[in-house]
Amino acid sequence: MTGKVAEETLSYEQARDELIEVVRRLEAGGTSLEESLALWERGEELARVCRRWLEGARARLDAALAEEEEAGEAGER
């Protein structure tokens, strides 16, 4: 699973858990240079997926807080 497929199908938790496994494998060592590069590339892709999920969550929270603030200001008038 690579590229757009990962972005469209992985939940935040799935991407995070796979990223943890990729990091664990890289830290353990014992892989060939080619395999290490492939793992690193996969890790970068998974990190992007996680970042997008978190940015989306932040945007939703900011919108909800702004809405709440507007409702509070309207009630004060």
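Residues numbered from 1 in each chain as written. Predicted model: local features only at pLDDT ≥ 70, side-chain atom pairs only at ≥ 80, totals over all residues. Heavy atoms only, no water.

Participant: Pulling in residues and values, what's your account of the overall build of the chain?
Facilitator: Along the backbone of the chain there are 3 helices and 0 strands. The order of α-helices and β-strands along the chain, N terminus first, is α-α-α. Buried residues in the chain amount to 14% of all 77 residues. Taking contacts inside the chain between residues at least 6 apart in sequence as the whole, the part at least 24 apart equals 70%. A total accessible area of about 6,000 Å² is found for the chain, and carbon and sulfur atoms account for 54% of it. (Helix = DSSP H or I, 4+ residues; strand = E, 2+ residues; numbered from the N terminus. Buried < 20%, exposed > 50% of the residue type's maximum accessible area, 1.4 Å probe, protein only. Contact = heavy atoms within 4.5 Å. Areas by Shrake-Rupley, 256 points an atom, 1.4 Å probe, with all protein chains shown as cover.)

Participant: A description of the nonpolar core should follow, citing residues and the corresponding values.
Facilitator: Counting residues in hydrophobic clusters, the biggest one holds 7 residues: L10, A15, V22, L39, L46, V49 and C50. Among the secondary structure elements, those contributing two or more residues to this core are α2 (12-28) and α3 (33-76). The residues touching A15, leaving out its near neighbours within four places in the chain, are L10, L46, V49 and C50. (Core = buried A, V, L, I, M, F, W, Y, C linked by side-chain atoms within 4.5 Å.)

Participant: Account for the side chain of R42, naming residues and giving values.
Facilitator: Relative to the elements of secondary structure, R42 occurs in helix α3. The class of R42 is buried, set by a relative accessible area of 13%. Polar side-chain contacts of R42 include one of 2.3 Å to the side chain of E45. (Polar contact = N/O pair within 3.5 Å; in protein donor to acceptor, adjacent residues only side chain to side chain.)

Participant: So, the environment of G43: which residues are in play, and what are the values?
Facilitator: By the secondary structure assignment, G43 is in helix α3. By relative accessible area, G43 is classed as buried at 10%. Once you skip the residues sitting within four places of it in the chain, G43 turns out to touch L19 and V22.

Participant: Before we move on, could you go through a negative patch on the surface and cite the residues and values that matter?
Facilitator: A cluster of acidic side chains, namely E67, E68, E69, E70, E73 and E76, defines a negative patch on the protein surface. Among the secondary structure elements, E70 is positioned in helix α3. (Patch = residues over 30% accessible without salt bridge, like charges linked within 9 Å, V, L, I, M, F, W, Y side chains within 5 Å. Salt bridge = Lys/Arg side-chain N within 4 Å of Asp/Glu carboxyl O. Lys, Arg positive; Asp, Glu negative; His and termini not counted. Charge placed at Lys NZ, Arg CZ, Asp CG, Glu CD.)

Participant: How would you sum up the confidence of the model for the chain? Please name residues and give values.
Facilitator: It should be kept in mind that the predicted coordinates are not to be read in detail where pLDDT is low. Per-chain confidence: the chain averages 90 in pLDDT, with 88% of residues scoring 70 or above. Mean pLDDT values over the elements of the chain span from 63, in helix α1 (residues 3-9), up to 98, in α2. (pLDDT = per-residue confidence, 0-100.)

Participant: Could you give an account of the pattern of salt bridges, with specific residues and numbers?
Facilitator: Summed over the entire model, instances satisfying the criterion amount to 6 salt bridges. Among the salt bridges present, the one from R24 reaches E21, with a minimum N-O distance of 2.5 Å. With a gap of 3 residues between them, R24 and E21 both fall in helix α2, about one helical turn apart. You can call R24 partly exposed: its relative accessible area is 46%. Note that R42 is salt-bridged to E45, the shortest N-O span being 2.3 Å. With a gap of 3 residues between them, R42 and E45 both fall in helix α3, about one helical turn apart. Look at E45 and you get buried, because its relative accessible area is 11%. Shared partners join several salt bridges into a network, and the residues in it are E18, R42 and E45.

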